[in-house]
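# Secondary and tertiary structure notes
Below are the chains, spelled out letter by letter.
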Amino acid sequence: MKKIEFGTGGFRGVICDSFNKDNIRLISQALCNVIKRRKSKKPVVIGYDYRFMSDKAALWMSEVLAGNHIQVLLSNQASPTPAVMYLTKEMENDFGAMVTASHNPYDFNGIKLFQDQGMDADVNLTNEIENEIRKIRKIKVIRHYEEDYSLYVEKINFIDQYVSNIQSFISNKVKNSDIKVLFDAFYGTGSITLDRFAKNMNLKNYKSIHNTHDTMFGGLLPNPTLANMLTLKDKVIKGGYDVAFGIDSDGDRLGVLDENGNYVNSNEILACLYYYLVKYRNQKGDAVKNLATSNLVDKVAEAFGYKCHEVDVGFKNISSKIMEVDALIGGESSGGLTIRNYIFGKDSTFAAALFIEMIVVMNKKVSEIINEVKDFCLFNHVIVEKSLGYHEEVDIYSYLKNNVPSFKKEPLEIQRINKNIKYIFENDSWVLLRVSGTEPVLRVFIEMPTQEEVDIYLDAINQFIKNMEGVCV
């Protein structure tokens, strides 16, 4: 049996390899043991997405919980991850679980765990689950066709209440709007919820594509990356759309194109919505971002007289800081955000709905809104994200800790946080090197005043990796 580990996004594995029935039951039994040790008496919320085996895996989880005499609220249809987080929070349950591999390729699947308040499982819980797995010798199961199963498992509708909650946060000015929206669901569960929202709000010019169930995701990576979003550019221009959205397979990452088919990155999405909430909704409060996210949101916060708090990668860190400082908004460069009093997790159906409201209320084009925000806080930097591969044999983090790339200028400060190393330069410039926990890839984030400077620093990092491999391999 391969070791079962929970990273920042839960447990993930290749279907029929590490993601298999035995491991799903092991994780479920470990969860049951933890629930009993913590003396929780509340039901566990379980949801699943459109991925291959997701519905089966959710059923297998419910059978183990039933076998341990633990009550389960099982979704009666595929749903986005944020719907599970919402139900866990709304019903004041202690635990929830979602079968998904988020934005990974179609041959992956996985399990995300949630704790009280619907937050992502913290490291204490995931460590406890991992330790428990190693001790398990017996798994208790009541199969779904056995009579006693129905005593513990109730199938319920997650979608209606979840979408209604989103609508409660959105201005009635959106109702019956003429805004022209193109939405690419990438064959994910975001189609279930954003399409429902658009119908409920009677958006007259809303078009949804790739909104059917396809476990192969049309052969594409089910993630609203720059490359995937730009496949919509011609449709946006020819169709005269005001905005285009893309949502990943389980509904927590958002991609946006403006009215010209230009890509709106996640840093701009976060900053624009923060600006809108403060200036147009008259809301107050700080912002939270992870250390891979642009200083654009810092500048917006500073211009309003607020502070942007920076945390480690992992949305659970953002959620915890939002609670700690009562921040208005929190988000990350990988494409997710939430706001105060909403769920403590990223939600792209909600973010898209709020983005639509922003366009309608401000009555401006998306490109105009972005320019307004950047002019307001005097921000004009360029941020670039890259993934650079290296030889699997290399202990890259050890090398990074003891060596510094030959940058054009010496960094003013070097921050080392877990597997992240951030180099701070003058003029609000920075470079982040993040070691992937799942593959031999170095995530690189660079923010500089010009593209020319970005290219210079990226060349330095490429040379650094070549030098490292010459020494270490």
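Criteria and thresholds
- Chains are numbered independently. Their residues run from 1 in the order of the written sequence.
- Only residues with pLDDT of at least 70 are given local features in this predicted model, and only at 80 or more are side-chain atom pairs given and counted; all residues enter the totals for whole chains, interfaces and linings.
- Hydrogens and waters are ignored; side-chain quantities use all the structure's heavy atoms.
- We count a stretch as a helix when DSSP gives it H or I for four or more residues in a row; a strand needs E for two or more, and each element gets its number in order from the N terminus.
- For a compact globule the rule gives 2.2 Å times the number of residues to the power 0.38, and the radius of gyration it is set against comes from C-alpha atoms.
- Only protein chains enter the calculation, and the probe is 1.4 Å; a residue is then buried if its accessible area is under 20% of its type maximum, exposed if over 50%, and partly exposed in between.
- Pairing of aromatic rings covers Phe, Tyr and the six-membered ring of Trp, with a centre-to-centre limit of 6.5 Å; geometry is then stacked below 30 degrees between planes, edge-to-face above 60, and tilted otherwise.
- Counting as a charge over the ring demands two things of the Lys NZ or Arg CZ atom: a distance within 6 Å of the ring centre and an angle within 35 degrees of the ring normal.
- Should a side-chain nitrogen of Lys or Arg be within 4 Å of a carboxyl oxygen of Asp or Glu, the pair is scored as a salt bridge.
- Helix span, as expected, comes to 1.5 Å for every residue beyond the first.
- Here, residues are in contact when the closest pair of their heavy atoms is within 4.5 Å.
- Inter-axis angles, ranging from 0 to 180 degrees, are taken between N-to-C directions of lines fitted to C-alpha atoms, where helices are fitted over the stretch in contact.
- When describing relative orientation, an angle under 35 degrees is termed roughly parallel and one over 145 degrees roughly antiparallel, while 65 to 115 degrees is termed roughly perpendicular and anything else oblique.
- Residue classes follow a fixed rule: Ala, Val, Leu, Ile, Met, Phe, Trp, Tyr, Cys and Pro count as nonpolar, while Asp, Glu, Lys and Arg count as charged, and any other residue, Gly among them, counts as polar.
- Residues belong to one nonpolar core when they are buried, are Ala, Val, Leu, Ile, Met, Phe, Trp, Tyr or Cys, and are joined through side-chain atoms within 4.5 Å.
- Between N or O atoms, a polar contact is any pair within 3.5 Å; within protein, one atom must be a potential hydrogen donor and the other a potential acceptor, and residues adjacent in sequence are included only when both atoms are from side chains.
- Here the rule is simple: two strands pair whenever DSSP picks up at least two bridges between them.
- Our working definition of a disulfide is a cysteine sulfur pair at a distance within 2.5 Å.

Further remarks concern the overall build of the protein chain. Scanning the protein chain for helices and strands turns up 16 helices and 20 strands. Whereas a compact globule of 473 residues would reach a radius of gyration of roughly 23 Å, the protein chain reaches 22 Å, a difference of no more than 12%. Overall, the protein chain is about 65 × 60 × 40 Å in size when its C-alpha atoms are taken along their principal axes. When the 473 residues of the protein chain are sorted by exposure, 59% land in the buried category.

For any two aromatic rings, the description comes down to two numbers: the centre-to-centre distance and the angle of the planes. Enumeration according to the criterion identifies 16 aromatic pairs in this entry. Both rings, one in Phe245 and one in Phe355, keep their centres 5.9 Å apart while their planes meet at 90°; by these two values the pair is edge-to-face. Of this pair, Phe245 sits in strand 9 (residues 243-247) while Phe355 sits in helix 13 (residues 348-362), and the two are 110 residues apart along the sequence. Among the aromatic residues, ring-to-ring pairing joins Tyr275, Tyr276, Tyr280, Phe304 and Phe376 into one connected group. The ring of Tyr241 is capped by Lys180, whose NZ or CZ atom sits 5.4 Å from the centre of that ring.

It is worth spelling out the pattern of salt bridges at this point. Counted under the stated rule, the structure contains 21 salt bridges. With its nearest N and O atoms 2.4 Å apart, the salt bridge here joins Arg37 to Glu132. On the criterion of sequence distance, the pair formed by Arg37 in helix 1 (residues 21-37) and Glu132 in helix 4 (residues 123-135) is long-range, its members being 95 residues apart. Two residues, Lys409 and Glu426, come together in a salt bridge whose shortest N-O distance is 2.9 Å. Of this pair, Lys409 sits in the loop between helix 15 (396-402) and strand 17 (413-417) while Glu426 sits in the loop between strand 18 (420-425) and strand 19 (429-435), and the two are 17 residues apart along the sequence. According to the relative accessible area criterion, Lys409 is partly exposed, its value standing at 38%. By relative accessible area, which is 45% here, Glu426 ends up partly exposed. A network of salt bridges, in which partner residues are shared, links Arg37, Arg38, Glu128, Glu132 and Lys135.

Moving on to helix 14 (residues 366-377). Under the 1.5 Å per step criterion, the end-to-end length of helix 14 is 17 Å for 12 residues, consistent within 8% with the ideal 16 Å. Listed as buried for helix 14 are Val366, Ser367, Ile369, Ile370, Glu372, Val373 and Cys377. Along its buried surface, helix 14 packs onto strand 9, strand 11 (263-264), helix 10 (266-279), helix 11 (296-304) and helix 13. Looking one or two residues past helix 14, Leu378 carries a phi angle of roughly 55°, positive in sign.

Let's shift gears to the packing of helix 10 against helix 14. At a closest axis distance of 10 Å, the pairing of helix 10 and helix 14 adopts a crossing angle of 75°. One element, helix 10, and the other, helix 14, form an angle in the roughly perpendicular class. Of the residues in helix 14, those in contact with Glu268, Ala271, Cys272, Tyr275 and Lys279 of helix 10 are Ile369, Ile370, Glu372, Val373, Lys374 and Phe376. Residue composition of the contact of helix 10 with helix 14, grouped by class: seven nonpolar, no polar and four charged.

Turning next to the nonpolar core. The biggest cluster of nonpolar side chains holds 117 residues, and the ones touching the most others in it are Phe245 and Phe355. Aside from chain neighbours lying at most four places away, what touches Phe355 is Val243, Phe245, Val256, Ile269, Leu273 and Val366. Among the nonpolar cores identified, the runner-up in size contains 26 residues, and Tyr397, Tyr399, Leu442 and Met468 belong to it.

Structurally, Ser75 can be placed in strand 3 (residues 72-75). Judged by relative accessible area, which is 2%, Ser75 ranks as buried. Among the polar contacts made by the side chain of Ser75, one reaches the main-chain carbonyl oxygen of Gln77 at a distance of 2.5 Å. Apart from the residues lying within four places of it in its own chain, the contact partners of Ser75 are Ile46, Gly47, Tyr48, Ile156 and Phe158.

Here six strands make up an open sheet; going across it, the order is 1-5-4-2-3-6 and the pairing mixed. With partners counted over all chains shown, the strands left at the sheet margins are strand 1 (11-14) and strand 6 (153-156), one partner each. Each strand axis lies, on average, 20° off the axis of its neighbour in the sheet, ignoring direction. Across five bridges, the pairing between strand 2 (residues 44-48) and strand 4 (residues 95-99) is parallel.

So, on to the state of the cysteines. In the structure shown here, the tally under the stated rule is zero disulfides. Cys377 supplies the cysteine sulfur nearest to Cys308, a cysteine that is in no disulfide, at a spacing of 11 Å.

The buried fraction of strand 5 (residues 108-114) amounts to six of the seven residues, a majority that puts the element mostly inside the structure. Here strand 1 pairs with strand 5 via four bridges, running antiparallel. Bridging from a neighbouring strand, Phe11 pairs with Ile111 of strand 5. Sheet analysis places strand 4 next to strand 5, joined by four bridges and oriented antiparallel. Its bridge partner being in strand 5, Ala97 is matched across the sheet by Leu113.

The next point concerns helix 3 (residues 81-90). Counting buried positions along helix 3 gives eight out of 10 residues, so the element sits mostly inside the fold. Among all positions in helix 3, only Thr81, Pro82, Ala83, Val84, Met85, Tyr86, Leu87 and Thr88 are buried. Turning to helix 3, the residues buried within the fold contact strand 2, strand 4, strand 5 and helix 6 (159-169). Residue Glu92 follows helix 3 closely and has a positive phi angle near 55°.

What the five strands build is an open sheet, ordered 16-20-19-18-17; its pairing is antiparallel. Across the chains shown, the open sheet's two edge strands, defined by having one partner strand only, are strand 16 (382-389) and strand 17. This sheet shows a mean twist of 15° between the axes of neighbouring strands, independent of strand direction. Relative to strand 20 (residues 441-448), strand 19 is paired through six bridges, and the arrangement is antiparallel. Pairing of Leu433 across the sheet is with Val444, part of strand 20.

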